Amino acid sequence: METTSRVGVQASAADGAASQAVPSARRTVDGYLLAPFPWYGLDEAFTGPRWLMQVGTSADGAVEHGSIGHGDEPSVRVEGGYGNGDRERFAVVVTVAANPVRRSGDGTGVLEATSVSSAAWLAGVGLLSFTWPGQMDHSLRDDWLDQQTETAWVLADDLHGSDWSTLSLPVDGEPASFHYRESEYGWVLAGSTKEGVHLGAYGRGMSAYGLAFSVVKDIGAYAK
């Protein structure tokens with residue numbers, strides 16, 4: 001996550017959201033292998049398709065977060081509805097390194113700390129990237145996305161507010177507490193693990209209540 005200001009973070013996430021539309025055949029595992037932290041996905045109880053999305057880096061090039069998908073690869077339809085939400089069933093897991101405030105690698109700036117709120121915001125923005133409100137003109141979507149991105153930031157900054165509830169889900173076989181919210185576009189949740197990372201997740205068509213998370217043993221398998 002970028003430092004000093006939210007503007008940098010939003011720009012980074014916007015770029016990441018755009019790259020989510022790249023076909024899986026053109027995504028590689030290289031960036032994931034550079035991460036100094038474990039990646040999380042749905043546990044082995046999920047037997048559907050698994051696929052890579054993208055990683056996010058800090059100002060000094062270090063991998064700080066990334067997303068991997070499960071189920072149907074979502075798409076944004078150019079007009080009407082939200083993608084093919086009536087048919088698509090997917091859940092995306094976002095892994096965020098738990099980092100304190102620190103100097104950038106080149107010593108020119110300060111990288112902000114990451115938190116559960118970071119995971120919640122990245123998950124919220126990820127869900128928006130595959131959302132298209134019905135009856136909205138194509139030319140208005142960028143303005144709508146900017147507005148909703150700001151709203152996602154505000155919501156993520158207030159995880160104990162009335163917009164969130166608490167949900168207990170298994171992480172590496174043990175119950176863990178998550179912040180959870182639903183909207184007309186899908187659901188978002190966020191929490192932390194004992195492995196030193198924060199988890200975010202979002203999806204549509206798949207119930208969040210039946211999910212379980214675990215460390216990905218072989219991230220390369222997601223690229224196949």
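Residues numbered from 1 in each chain as written. Predicted model: local features only at pLDDT ≥ 70, side-chain atom pairs only at ≥ 80, totals over all residues. Heavy atoms only, no water.

### Some thoughts on the packing of aromatic side chains
Link 1 in the chain: Scanning all chains against the criterion turns up 7 aromatic pairs.
Link 2 in the chain: Ring geometry for F90 against F130: centres 6.3 Å apart, planes inclined by 70 degrees, an arrangement best described as edge-to-face. Of the two residues, F90 sits in strand β4 (residues 90-97) while F130 sits in the loop between α3 (116-129) and α4 (141-156), which places them 40 residues apart along the sequence. You'll find F90 and F130 in the same group, each marked buried.
Link 3 in the chain: For the ring pair F90 and Y202, a centre distance of 6.4 Å and an interplane angle of 80 degrees mean the geometry is edge-to-face. Of this pair, F90 sits in strand β4 while Y202 sits in strand β10 (residues 197-204), and the two are 112 residues apart along the sequence.
Link 4 in the chain: Ring pairing ties together the aromatic residues Y32, F37 and W39, which thus form one cluster. (Phe/Tyr/Trp six-rings, centres within 6.5 Å; stacked < 30°, edge-to-face > 60°. Helix = DSSP H or I, 4+ residues; strand = E, 2+ residues; numbered from the N terminus. Buried < 20%, exposed > 50% of the residue type's maximum accessible area, 1.4 Å probe, protein only.)

### A closer look at the pattern of salt bridges
Link 1 in the chain: Scanning the entire structure with this criterion turns up 1 salt bridge.
Link 2 in the chain: One salt bridge connects K194 with E174, and the closest N-O pair in it is separated by 2.6 Å. Of this pair, K194 sits in the loop between β9 (186-192) and β10 while E174 sits in strand β8 (residues 174-183), placing them 20 residues apart in sequence. (Salt bridge = Lys/Arg side-chain N within 4 Å of Asp/Glu carboxyl O.)

### Observations concerning the confidence of the model for the chain
The predicted coordinates of low-pLDDT regions are not to be read in fine detail.
Link 1 in the chain: The share of residues in the chain with pLDDT of 70 or more is 72%, and the mean pLDDT across the chain is 79.
Link 2 in the chain: Scored below 50 in pLDDT, residues 1-26 makes 45 contacts in the model with residues more than four places away or belonging to other chains.
Link 3 in the chain: Below pLDDT 50 for its whole length, residues 77-85 participates in 23 contacts with residues either more than four positions away or in separate chains. (pLDDT = per-residue confidence, 0-100. Contact = heavy atoms within 4.5 Å.)

### Overview of the pairing of strand β7 (residues 165-171)
Link 1 in the chain: By the bridge criterion, 7 bridges tie β7 to β8 in an arrangement that is antiparallel. Among the inter-strand pairings, V171 is bridged to a residue of β8, identified as E174.
Link 2 in the chain: A loop of 2 residues connects β7 with β8, the two strands running antiparallel in sequence, and D172 in this loop sits at a positive phi of about 55 degrees. (Pairing = 2+ DSSP bridges.)

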